[in-house]
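So you can see what is in the structure, the chains are spelled out below.
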Amino acid sequence: MSISLFDIKGKNALITGSTHGLGMAMARGLGLAGATIIVNGNSSQQKIDNAVAEYKKEGISAVGYKFNVANEADVKAAISIIEVEVGQIDILINNAGIIKRTPLIEMEVADFKEVIDIDLVSPFIVSKHVVKSMISRKEGKVINICSMMSELGRNSVGAYAAAKGGLKMLTQNMATEWAKYNIQVNGIGPGYFATSQTAPIRVDGHPFNDFIINRTPAAKWGDPNDLAGAAIFLSSKASDFVNGHILYVDGGILATIGKPTNEN
Ligand code: GCO
């Protein structure tokens, strides 16, 4: 086995939602391994420019594009521009996502639909437009960012769980349809990570904070940089016969039923 199996130097990687959080950590990992990072966000051009500058400070080759992953016309236009200005997209990470923590009984239908639109429909939209050129080249890597909620339920995150459970099956279906073009579609399922998304439930004294540390065999929140290895593996030749797999990076959460709080 040679180390070049994991070589992604010179590849172009589009990571949606890569101006912060897990998307940024995975993009950084691919960038430090030699890929050119195509940064995406939709909140402001300033945020994208700041992120690109941060990547560049570390010697990473990075470019930024603002577009709304949930809007097909916007995605279609952006992908064509990227293909002209940057070149072929070799690696796509569908990472952009939102969460709304509201009990189902209180949730507005519009809010439920917004979560489904961004977390489930947009990976379909972006993949559909990126994969076209991968199909003609007979080569490509797609990684969908799933969640513990692809497997488990939790009070107040019903819409998110429905989307992430759907994303796991969408991953398997994409793998089913596109494996014949030598495109590998897999997922990464992060456990509980220290990001801005989990900031409200991670504060000291919040019961959820202690719960997660107790529930995770590794007994801590994940560091976003812990996802880089999984992202590199699923972006490289090392995973050329891995299709439709969800690689959970969760400190062991899914391996266990958990334990009482007073047990070590
Ligand atoms: C929550 C969390 C989760 C995590 C993550 C777990 O409220 O339960 O925010 O949704 O963000 O997706 O894998």
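You'll find the structure just up there.
Attention here is on the structure that accompanies the text. What you see is a predicted model; the values in this text were computed from it and never measured.

Rules and cut-offs
Residues numbered from 1 in each chain as written. Predicted model: local features only at pLDDT ≥ 70, side-chain atom pairs only at ≥ 80, totals over all residues. Heavy atoms only, no water. Phe/Tyr/Trp six-rings, centres within 6.5 Å; stacked < 30°, edge-to-face > 60°. Helix = DSSP H or I, 4+ residues; strand = E, 2+ residues; numbered from the N terminus. Buried < 20%, exposed > 50% of the residue type's maximum accessible area, 1.4 Å probe, protein only. Lys NZ or Arg CZ within 6 Å of the ring centre and 35° of its normal. Pairing = 2+ DSSP bridges. Right-handed = clockwise from strand over helix to strand, strands pointing away. 1 Å grid on protein atoms, 1.4 Å probe; cavity = no way out; pocket = protein on both sides within 12 Å on 5 of 7 lines; lining within 4 Å. Points joined across faces, edges and corners; volume = space filled by probe spheres on them. Nonpolar A, V, L, I, M, F, W, Y, C, P; charged D, E, K, R; others polar. Axes fitted to C-alpha atoms, helices over the stretch in contact; angles between N-to-C directions. Expected span 1.5 Å × (residues − 1). Bend = angle between axes of the 7 residues up to and from the residue. Core = buried A, V, L, I, M, F, W, Y, C linked by side-chain atoms within 4.5 Å. Contact = heavy atoms within 4.5 Å.

Let us look at the packing of aromatic side chains. The full count for this structure, using the stated rule, is 4 aromatic pairs. Plain terms: the ring middles of Phe208 and Phe211 are 5.5 Å apart, the flat faces sit at 50° to each other, and that makes the pair tilted. Here Phe208 pairs with Phe211, and both are found in helix α7 (residues 207-215), just 3 residues apart, close to one helical turn. Judged by its relative accessible area of 9%, Phe208 is buried. With a relative accessible area of 42%, Phe211 lands in the partly exposed category. Put simply, the rings of Tyr192, Phe208, Phe211 and Trp221 pair up and form one aromatic cluster. Looking at Arg202, its charged tip hangs above the ring of Trp221, at a distance of 5.7 Å from the centre.

Another aspect to go through is the pairing of strand β2 (residues 36-41). Burial analysis of β2 places 6 of its 6 residues in the buried class, the great majority of the element. What you see with β2 is no split at all: Thr36, Ile38 and Asn40 on one side and Ile37, Val39 and Gly41 on the other are buried throughout. Bridge count for strand β1 (residues 12-15) against β2 is 4 bridges, and the pairing is parallel. Within the sheet, the bridge partner assigned to Ile15 lies in β2 and is Val39. In this region the chain leaves β1, passes through helix α1 (residues 21-32) and returns to the parallel neighbour β2; the handedness of that crossover is right-handed. Bridge analysis of β2 against strand β3 (residues 62-66) gives 5 bridges, and the strand direction is parallel. Bridge pairing in β3 links Gly41 to Lys66. In terms of handedness, the path from β2 via helix α2 (residues 45-57) over to β3 forms a crossover that is right-handed.

On to the layout of surface pockets. Approximately 810 Å³ is the volume found for the largest pocket. Around the largest pocket, the lining is made up of 41 residues, and of these Asn95, Ala96, Gly97, Ile98 and Gln197 lie nearest the centre. Taken together, the elements giving at least two residues each to the lining of the largest pocket come down to α1, β2, α2 and α5 (158-178). Taken together, the residues that form the lining of the largest pocket break down as 18 nonpolar, 19 polar and 4 charged. Around the second largest pocket, the lining is made up of 13 residues, and of these Lys11, Glu139, Lys141, Ser235 and Lys237 lie nearest the centre. Residue composition of the lining of the second largest pocket, grouped by class: 1 nonpolar, 5 polar and 7 charged.

Before going further, it helps to spend a moment on unusual backbone geometry. In this model, Lys138 sits at a positive phi of 60°, which is unusual for a non-glycine residue. Along the polypeptide, Lys138 turns up in the loop between α4 (109-137) and β5 (140-145). For Lys138, a relative accessible area of 47% corresponds to the partly exposed category. Positive phi, close to 60°, is recorded for Asn182, a residue that is not glycine. Along the chain, Asn182 turns up in the loop between α5 and β6 (183-190).

Sheet architecture is open: 7 strands sit in the order β3-β2-β1-β4-β5-β6-β7, paired in parallel fashion. Where the open sheet ends on each side, the last strands, each with one partner, are β3 and β7 (246-249). Strand-to-strand twist in this sheet, taken as the mean axis angle between neighbours without regard to direction, amounts to 20°. For β1 and strand β4 (residues 91-94), the ladder comprises 3 bridges, and the chain directions are parallel. Each residue of the ladder has a partner; that of Leu14, found in β4, is Leu92.

On to α4. Along its 29 residues, α4 runs 41 Å from first to last C-alpha, staying within 8% of the 42 Å computed at 1.5 Å per residue. By the largest-angle criterion, Val121 marks the main kink of α4, which is about 45°, and a proline, Pro123, follows within four residues.

Take the nonpolar core next. Counting 29 residues, the largest nonpolar core has Leu30, Ile37, Tyr55, Ile93 and Ile188 as its most contacted members. In terms of residue count, the dominant contributor to this core is α1 (5 residues). When residues no more than four places from it in sequence are discounted, the contact partners of Ile37 are Ala13, Ile15, Ala27, Leu30, Gly31, Tyr55, Ile60, Ser61, Ala62 and Val63. Core analysis: the next-biggest nonpolar cluster, separate from the first, contains 23 residues, Ala78, Ile125, Val126 and Ile183 among them.

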